[in-house]
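Below are the chains, spelled out letter by letter.
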Amino acid sequence: MHFYIRCVDKPGHLDVRKANRGDHIAYIKDGFADRIVAAGPTLDPDMEGMNGSVFIIDFDKIEDAREFAANDPYGKAGLFESVVIRPFKKVF
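Predicted model only: the values in this text are computed from it and were never measured.

Engineer: Mind showing me how you'd approach the sheet that holds strand 2 (residues 36–43) here?
Structural biologist: Backbone-to-backbone hydrogen bonds pair the strands of a sheet. The strands run either parallel or antiparallel. A sheet is described by the order of its strands in space; here four strands give the open sequence 2-3-1-4, paired in antiparallel fashion. In this open sheet, the two strands that pair with only one neighbour each are strand 2 and strand 4 (80–88). If you compare each strand with its neighbour and ignore which way they point, the axes differ by 10° on average. Helix 1 (residues 14–31) contacts strand 1 (2–9), strand 2, strand 3 (50–58) and strand 4 of the sheet and is inclined by roughly 20° relative to strand 3.

Structure below.
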């Protein structure tokens, strides 16, 4: 089943994002790349700065998606203001 994961960065925490980006990318590539339907950062209105993350990712159950989000190095570093996880039905 696919899950939509929307993470919103805390305001003023771009330095936390930059400091943990390498670990975040490695976490995704090393354990979850084959499960990802789509993933990437959300951008500020100027289309330059990053302000969050979105994943559409395949897991057997929502608890797996929650564990994935909880163990993301960004989350562990305290980057996120909020994390929303919802089942997602791919139509197209």
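Engineer: Explanation requested: helix 1 in the structure shown.
Structural biologist: For an α-helix the count is 3.6 residues per turn, leaving residues at separations of three or four pointing the same way. Between its terminal C-alpha atoms helix 1 stretches 25 Å, which fits the 26 Å expected from 18 residues at 1.5 Å a residue. Taken as a whole, helix 1 carries its principal kink of about 55° at Asn20. Considered for burial, the residues of helix 1 that qualify are Val16, Arg17, Asn20, His24, Tyr27 and Ile28. Lining the buried residues of helix 1 we find strand 1, strand 2, strand 3, helix 2 (62–71), helix 3 (73–76) and strand 4.

Procedures and definitions
Residues numbered from 1 in each chain as written. Predicted model: local features only at pLDDT ≥ 70, side-chain atom pairs only at ≥ 80, totals over all residues. Heavy atoms only, no water. Pairing = 2+ DSSP bridges. Helix = DSSP H or I, 4+ residues; strand = E, 2+ residues; numbered from the N terminus. Axes fitted to C-alpha atoms, helices over the stretch in contact; angles between N-to-C directions. Contact = heavy atoms within 4.5 Å. Expected span 1.5 Å × (residues − 1). Bend = angle between axes of the 7 residues up to and from the residue. Buried < 20%, exposed > 50% of the residue type's maximum accessible area, 1.4 Å probe, protein only.

The quantities given are spatial measurements derived from coordinates; they are silent on function.
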